[in-house]
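One letter stands for each residue in the lines below.
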Amino acid sequence: MDLFVILEEAVAALKTPLGEDDRAQGWTDDLRREVQEEISINRSVLRRHGVTMARHLRPRFDEWMERAGVRPGRLRDLVDDVHRSLVEAGTVT
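Only a predicted model underlies this, so the values are computations on that prediction, with no experimental measurement involved. (Residues numbered from 1 in each chain as written. Predicted model: local features only at pLDDT ≥ 70, side-chain atom pairs only at ≥ 80, totals over all residues. Heavy atoms only, no water.)

Asker: Sorry, what's going on with the overall build of the chain here?
Answerer: A tally of regular secondary structure across the chain gives five helices and zero strands. Along its sequence from the N terminus, the chain presents helices and strands in the succession α-α-α-α-α. Here the chain has a C-alpha radius of gyration of 13 Å; the compact-globule value for 93 residues is 12 Å, and the two agree. Projected onto the principal axes, the alpha-carbon positions of the chain cover approximately 40 × 20 × 20 Å. Taking all 93 residues of the chain together, 41% fall into the buried category. A fraction of 70% describes how many contacts in the chain between residues 6 or more apart in sequence connect residues 24 or more apart. Here the chain displays about 5,500 Å² of accessible surface, and carbon together with sulfur accounts for 49% of that area. A gap of 5 Å separates the mean positions of the 15 positive and 18 negative side-chain charges of the chain. (Helix = DSSP H or I, 4+ residues; strand = E, 2+ residues; numbered from the N terminus. Rg over C-alpha atoms; globule rule 2.2 N^0.38 Å. Buried < 20%, exposed > 50% of the residue type's maximum accessible area, 1.4 Å probe, protein only. Contact = heavy atoms within 4.5 Å. Areas by Shrake-Rupley, 256 points an atom, 1.4 Å probe, with all protein chains shown as cover. Lys, Arg positive; Asp, Glu negative; His and termini not counted. Charge placed at Lys NZ, Arg CZ, Asp CG, Glu CD.)

Right under this line is the structure:
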């Protein structure tokens, strides 16, 4: 899947209010906004400067989710996909 599609989907999902399941998995409104903002910043950098900039991004979403105690679920899966895609794009370019 295209990197920008993954970033767009994650940003859109993180802009929506949290559901009960999301909260039960450890998400808070503040965490949702912070993660959404960070993904948006990465997306903007890549749009402005090209995907080759991915090698300069240092995604730490996996560590962030772990520290926040977020359990597996739909949003965690999206964030994990973003993390993996950014890492892969950084090694390919």
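The discussion continues.
Asker: Is there a simple way to explain the packing of aromatic side chains in this structure?
Answerer: The geometry of two aromatic rings is summed up by the distance between their centres and the angle between their planes. According to the stated counting rule, one finds one aromatic pair in the structure shown. Both rings, one in Phe 61 and one in Trp 64, keep their centres 6.1 Å apart while their planes meet at 10 degrees; by these two values the pair is stacked. With a gap of three residues between them, Phe 61 and Trp 64 both fall in helix α4 (residues 61-68), about one helical turn apart. (Phe/Tyr/Trp six-rings, centres within 6.5 Å; stacked < 30°, edge-to-face > 60°.)

Asker: Even after reading the chapter, I still don't get helix α1 (residues 3-15), so can you show me in this structure?
Answerer: Owing to its 3.6 residues per turn, the α-helix aligns residues three or four sequence positions apart on the same side. Between its first and last C-alpha atoms α1 spans 18 Å; for 13 residues at 1.5 Å apiece the expected length is 18 Å, and the two agree. When we look at burial in α1, the residues that qualify are Leu 3, Ile 6, Leu 7, Ala 10, Val 11, Ala 13 and Leu 14. Angularly, the buried residues of α1 cover 165 degrees about the axis, an arc narrow enough to put them on a single face. Turning to α1, the residues buried within the fold contact α3 (29-49) and α5 (74-92). (Expected span 1.5 Å × (residues − 1). Arc of directions from axis to C-beta.)

Asker: Help me understand the packing of α4 against α5, please; the structure alone is not making it clear to me.
Answerer: For any two helices packed against each other, one specifies the inter-axial angle together with the distance between the axes. Running from N to C, α4 and α5 cross one another at 150 degrees; their axes reach a closest spacing of 9 Å. Taken together, the axes of α4 and α5 are roughly antiparallel relative to one another. The residues of α5 that touch α4, namely those facing Phe 61, Asp 62, Met 65 and Glu 66, are Arg 76, Val 79, Val 82, His 83 and Leu 86. Partitioned by chemical class, the residues of the contact of α4 with α5 number five nonpolar, one polar and three charged. (Axes fitted to C-alpha atoms, helices over the stretch in contact; angles between N-to-C directions. Parallel < 35°, antiparallel > 145°, perpendicular 65-115°, else oblique. Nonpolar A, V, L, I, M, F, W, Y, C, P; charged D, E, K, R; others polar.)

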